[in-house]
Amino acid sequence: MSQTIFPKLTIPETLAAGPGPGNTDARVLQAFAAAGVADHMQGDVLRGMIECKHMLRQIWGTRNVHTFAVAGTGWSALDTMFSAVMPGDRVVAFSNGTFSGIDALTLRIKAATPAEHAADSLNPQAASVTVIEVPHGQSVTGDVIEAALAEHEPKWAFMAHWETGSGRINDLRGFSDACARHGVMGLIDAVSSLGVEDFSIDDYPGVAGWASCPQKGLCCLPLTYAPVSFTDAYIASLKATGAYSYVHNPIFEARHWGIVDGQDVDKGTYHRTHSGYAVAAFHESLRLTLQETLAKRAGAYRTHEAALRDAVTAMGCEVTSNMTSLVVLNLPGDLAGREMELVQNCRAEGFGIWPTLSAPVQVRIGILNQLQPGAIREIVRRFADAMRAMGADVDHAAVEAVLDKHYIQTIAAQ
Ligand SMILES: *Cc1c(COP(=O)(O)O)cnc(C)c1O
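Calculation criteria
- Residues numbered from 1 in each chain as written.
- Predicted model: local features only at pLDDT ≥ 70, side-chain atom pairs only at ≥ 80, totals over all residues.
- Heavy atoms only, no water.
- Buried < 20%, exposed > 50% of the residue type's maximum accessible area, 1.4 Å probe, protein only.
- Helix = DSSP H or I, 4+ residues; strand = E, 2+ residues; numbered from the N terminus.
- Pairing = 2+ DSSP bridges.
- Polar contact = N/O pair within 3.5 Å; in protein donor to acceptor, adjacent residues only side chain to side chain.
- Contact = heavy atoms within 4.5 Å.
- Near = heavy atom within 4 Å.
- Areas by Shrake-Rupley, 256 points an atom, 1.4 Å probe, with all protein chains shown as cover.
- Nonpolar A, V, L, I, M, F, W, Y, C, P; charged D, E, K, R; others polar.
- Axes fitted to C-alpha atoms, helices over the stretch in contact; angles between N-to-C directions.
- Parallel < 35°, antiparallel > 145°, perpendicular 65-115°, else oblique.
- Left-handed = near helix turned anticlockwise from the far one by under 90°.
- Patch = residues over 30% accessible without salt bridge, like charges linked within 9 Å, V, L, I, M, F, W, Y side chains within 5 Å.
- Salt bridge = Lys/Arg side-chain N within 4 Å of Asp/Glu carboxyl O.
- Domains from an automatic or database assignment.
- Buried area = accessible area lost by both parts, 1.4 Å probe.

Engineer: Explain the pairing of strand β10 (residues 225-230) to me, using residue names and the numbers behind them.
Structural biologist: Looking down a regular strand, the side chains alternate between one sheet face and the other. When you tally the buried positions in β10, you get six out of six residues, the bulk of the element. Both faces of β10 are covered, namely the face carrying Tyr225, Pro227 and Ser229 and the face carrying Ala226, Val228 and Phe230. As defined by bridge partners, strand β2 (residues 66-71) adjoins β10 across six bridges and the pair is classed as antiparallel. Bridge assignment links valine 70 to a residue of β10, and that residue is alanine 226. Relative to β10, strand β9 (residues 207-211) is paired through three bridges, and the arrangement is antiparallel. The residue of β10 that forms the bridge with glycine 209 is phenylalanine 230.

Next up, the structure:
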């Protein structure tokens, strides 16, 4: 048999201007590359994990003992959070875009009975799960949540905090309050909001489980650890029912982070292999977040999103999102319907913007860890060039003037 050895893989530097992963911070990469070889029971690796746990509790504003992180990406954390949902459990899930749609699928997979799995294994129609579909481009609102929980009286309710597919912020306060009123355990996909928005878990007592990721707001693309947090009520429910998972059972997983029988202990015990490189990178991303402060970061996202939004609006685009890390837009008149083509042209040139992943096709431009006027100006310039190349009449001076006005005001306000 002949063998093929490919040339060494080179991956170019691109401008990461999508919904995530974000522009990884140089300090995080440095920490990743500078870590020595050490196994997952070595003292500094274990200490690093314990310190990460404590930093996560500060960043997430919570006293939940079960606050730690799961090796992998957002879906790893979400799978861990959903592991307590058992076949036949009554669930209400709110879906307003790609990601909450996949979350709702995960919930149908978890809650389906064996007969429901056998009938349609890749898309089980679990009778105990009600999915409330909110149209793409709209937010999930408190009145919709209240009505659904009152009608269905589920054990669990689910919502994405920030739905990255459509760029919409959903009503977390309304969700938590409705869960508390109806005695429902709320589960939140916070993959896009952690590290971008300034919020505290403990202000939302109706939410029992939270799941996030490393590579968006925490700027840690060396895929490391996806944060999770659970209330004691969630853990009690999990302990009572069990879960069909060893690796993603939060009670087992927490042990390596030094959480045993609901208590912090000095040293983690083996659950699975952890990487010293990953621990070092994740640790640095959490330090960076605490040093910058969430309040400052959230303010910077608001400032720069407003600048980008006004600039693309000045180019004739229609923005339909309200997240502060991402602008989701329709192209103006003549280019309407050519969103995918424009995104592909940009991506071919290393300008990594994204289309929506479910209908309707829109353009998504993200600013994760691009919180500098120069970075936003570069994104705007490249986007304007791409529109011009497709025949749009973009008034360069007018767009520049919009950005100048924003940044002069920002500097004046400092
Ligand atoms: C990105 C994202 C996910 C998926 O996360 P991965 O890191 O790709 O596993 C899930 N939910 C939301 C809201 C997201 O933005």
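From this point on, the discussion continues.
Engineer: Can you explain the side chain of serine 128? Please cite residues and give values.
Structural biologist: Mapped onto the elements of the fold, serine 128 is located in the loop between α5 (114-119) and β4 (129-133). Side-chain polar atoms of serine 128 contact the backbone oxygen of aspartate 89, separated by 2.7 Å. Residue contacts for serine 128: discarding those within four places in its chain leaves Gly88, Asp89, Arg90, Val91 and Ala111.

Engineer: Describe the site of the ligand, with residues and values.
Structural biologist: Lining the immediate surroundings of the ligand are Thr73, Gly74, Trp75, Leu78, Phe99, Trp162, Thr164, Asp189, Val191, Ser192, Gln215 and Lys216. Here an oxygen atom of the ligand and a backbone polar atom of tryptophan 75 are 2.8 Å apart. Alone, the ligand offers 390 Å² of accessible surface; in the complex the protein occludes 90% of this. Sorting elements by how many residues they give to the shell around the ligand places helix α3 (residues 74-82) first, with three residues. Looking at side-chain class alone, the shell around the ligand contains five nonpolar, five polar and two charged residues.

Engineer: Go over the packing of helix α11 (residues 294-314) against helix α13 (residues 373-389), please, and point to the residues and values.
Structural biologist: Between α11 and α13, the least distance of the axes is 10 Å, while the angle of their chain directions is 20°. One element, α11, and the other, α13, form an angle in the roughly parallel class. Viewed along their axes, α11 and α13 form a crossing whose handedness is right-handed. From α11, His304, Leu308, Ala311 and Val312 reach across to α13, where they touch Pro373, Ile376, Ile379, Val380 and Phe383. Classifying every residue of the contact of α11 with α13 gives eight nonpolar, one polar and no charged.

Engineer: A description of the sheet that holds strand β13 (residues 318-319) should follow, citing residues and the corresponding values.
Structural biologist: Strand pairing within a sheet occurs via backbone hydrogen bonds; the two strands may be parallel or antiparallel. The antiparallel open sheet is built from four strands, whose spatial order is β13-β14-β17-β16. Of all the strands in the sheet, the pair left with one neighbour each is β13 and β16 (354-355). Note that β16 and strand β17 (residues 363-366) share two bridges and pair antiparallel. Counterpart to proline 355 in the pairing with β17 is valine 363. Sitting on the sheet, α11 is in contact with β13, β14 (326-330) and β17, with an inclination near 15° to β14.

Engineer: Tell me about the packing of helix α1 (residues 26-34) against helix α10 (residues 276-292), residues and numbers included.
Structural biologist: Between α1 and α10, the shortest axis-to-axis distance is 7 Å and the interhelical angle comes to 150°. The angle between the axes of α1 and α10 places the two elements in the roughly antiparallel class. Helix-helix and strand crossings are classified by hand; for α1 and α10 the assignment is right-handed. Facing α1, whose interface residues are Arg27, Val28, Ala31 and Phe32, α10 presents Tyr277, Ala278, Ala280, Ala281, Glu284, Ser285, Arg287, Leu288 and Gln291. By residue class, the composition of the contact of α1 with α10 is eight nonpolar, two polar and three charged.

Engineer: An account of a nonpolar patch on the surface is needed here, citing residue identities and associated values.
Structural biologist: Taken together, the side chains of Met41, Tyr246, Val247 and Tyr270 define a hydrophobic patch exposed on the protein surface, amounting to about 380 Å² of accessible area. In this structure, methionine 41 sits in the loop between α1 and α2 (43-59). Of the residues examined, methionine 41 reaches a relative accessible area of 33% and is grouped as partly exposed.

Engineer: Help me get a handle on unusual backbone geometry, residues and values and all.
Structural biologist: For the bond running from glycine 20 to proline 21, omega is 5°, close enough to zero to count as cis. Here glutamate 153, not a glycine, exhibits a phi torsion of approximately 45°, which is positive. Along the polypeptide, glutamate 153 turns up in the loop between α6 (142-152) and β5 (156-160). Within the chain, threonine 293 stands out as a residue other than glycine whose phi angle is a positive 75°.

Engineer: Lay out the domain arrangement of the protein in plain terms, naming residues and giving numbers.
Structural biologist: Taken domain by domain, the protein comprises domain 1 (26-290) and domain 2 (294-413). For domain 1 versus domain 2, the distance between C-alpha centres works out to 30 Å. With 25 residues of domain 1 at the interface, the matching set in domain 2 holds 23 residues. For the pairing of domain 1 and domain 2, the buried interface totals around 1900 Å² over both sides, and the portion due to carbon and sulfur atoms is 55%. For the pair domain 1 and domain 2, the number of links is zero salt bridges. At the junction of domain 1 with domain 2, the criterion picks out ten residue pairs in polar contact (both at pLDDT 80 or more). Secondary structure elements with two or more residues in the side of domain 1 that touches domain 2: α4 (98-111), β6 (162-163), β7 (168-169) and α10. Split into classes, the residues belonging to the side of domain 1 that touches domain 2 amount to seven nonpolar, 13 polar and five charged.

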